[in-house]
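Structural description and commentary
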Amino acid sequence: MDIQTLSRLRQDLRRLAAELGREIEAVFGRAPLVKGTVYEMARKCGKPSCACARGELHRSTVMSWSHQGKTRLMSVPPERRTELRGKSEEYQRVRGARAKVSAISKKMLAVIDQIEQVRRE
Ligand SMILES: [Zn+2]
């Protein structure tokens, strides 16, 4: 058995497990979230006499999300902007953590396989 390789792999696995523990914290939160992205939209209404035709675009806050493969759009009233932005950010945090947990898990499995190889008689 290659003790040095085993020692390095064990360190790798411990480091990944600690990383996994940190990333997963974002998922343990209890704050409500909304599946969507909040952003400001600027558009023209199409009336040639409107100010938007001269570059003063109509601005509104919207939230978009994907539902059954389609992108849905909802206009966000001013009084809900802060709330929905916060909940959307929480959603992005959880999704980000999920992606990292997935990547770290794959690395852990690879290290575990290597440890098995080194320890095999
Ligand atoms: Zn207009």
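You'll find the structure just up there.
Keep in mind that what you see is a predicted model, and the values were worked out from it rather than measured. (Residues numbered from 1 in each chain as written. Predicted model: local features only at pLDDT ≥ 70, side-chain atom pairs only at ≥ 80, totals over all residues. Heavy atoms only, no water.)

1. Let's talk about the coordination of the zinc ion
Basically, it comes down to this: Counted as donors are N, O and S atoms no farther than 2.8 Å from the metal, or 3.2 Å for Na, K and Ca; water is not among the atoms, and sites may therefore look incomplete. Think of it this way: with four donors and all angles in the 85 to 135 degree range, the site is tetrahedral; with four or six donors, opposite ones beyond 155 degrees and the rest between 65 and 115, it is square planar or octahedral; otherwise it is irregular.
Coordination of the zinc ion by the protein comes from C45 (SG), C50 (SG), C52 (SG) and H58 (NE2), over a distance range of 1.9 to 2.3 Å. Considering all four donor atoms around the zinc ion, angles at the metal cover 104 to 115° and the coordination shape is tetrahedral.

2. Thoughts on the sheet that holds strand 2 (residues 58-67)
What counts here: Only strands that DSSP links by at least two bridges are regarded as paired with each other. Only DSSP runs of H or I reaching four residues or more are called helices, and only runs of E reaching two or more are called strands; each is numbered from the N terminus. The convention used is that axes are lines fitted to C-alpha atoms, helices contributing only their stretch in contact, and that angles between N-to-C directions extend from 0 to 180 degrees. Here a residue-residue contact requires only that any non-hydrogen atoms of the pair lie within 4.5 Å.
Taking strand neighbours across the sheet as the criterion, the three strands line up as 1-2-3 in an open arrangement whose pairing is antiparallel. Where the open sheet ends on each side, the last strands, each with one partner, are strand 1 (37-43) and strand 3 (70-75). Here the strands of the sheet are splayed against their neighbours by 40° on average, with no regard to which way each runs. Sheet topology note: the strand 1/strand 2 ladder contains seven bridges and is antiparallel. Following the sheet pairing, M41 is matched in strand 2 by S60. Packing against the sheet, helix 2 (residues 81-119) makes contact with strand 1, strand 2 and strand 3, and its axis sits at approximately 125° to strand 1.

3. Looking at the nonpolar core
Which entries qualify depends on this criterion: Take the buried residues of types Ala, Val, Leu, Ile, Met, Phe, Trp, Tyr and Cys, join any two whose side-chain atoms come within 4.5 Å, and each joined set is a nonpolar core. Relative accessibility under 20% of the residue-type maximum defines a buried residue, over 50% an exposed one, and the middle range a partly exposed one, all with a 1.4 Å probe and only protein chains included.
Judged by nonpolar contacts, L6, L9, L16, I104, M108, V111, I115 and V118 together constitute the single largest core of eight residues. Contributing elements (two or more residues each) for this core: helix 1 (3-24) and helix 2. The element that contributes the greatest number of residues to this core is helix 2, accounting for five residues. Within the second largest apolar cluster, five residues are counted, among which are V34, V38, M63 and V76.

4. Quick notes on helix 1
This is how the line gets drawn: Multiplying one less than the number of residues by 1.5 Å gives the expected span of a helix. Of all possible arcs, the one meant is that of the directions from the helix axis to the C-beta atoms. Polar contact is defined as a pair of N or O atoms within 3.5 Å, subject to the rule that within protein one atom must be able to donate a hydrogen and the other to accept it, and that residues adjacent in sequence are counted only when both atoms are side-chain atoms.
For helix 1, built from 22 residues, the straight-helix expectation of 32 Å at 1.5 Å per residue is met to within 8% by its first-to-last C-alpha distance of 31 Å. Within the span of helix 1, buried status applies to L6, L9 and L16. Down the axis of helix 1, the smallest arc covering the buried residues is 90°, so these residues share one side. In helix 1, the exposed positions angled more than 90 degrees off the buried face are occupied by I3, Q4, Q11, R14 and R22. On the buried face of helix 1, the contacting elements are helix 2. One side-chain oxygen at the N-terminal end of helix 1 lies 3.2 Å from the backbone nitrogen of Q4; it belongs to D2.

5. Structural notes on the side chain of E90
Secondary-structure assignment places E90 in helix 2. Only 2.8 Å separates the side chain of E90 from the side chain of R93, close enough to count as a polar contact. For E90, the residues in contact, after removing those within four places along its chain, are A26, A31, P32 and L33.

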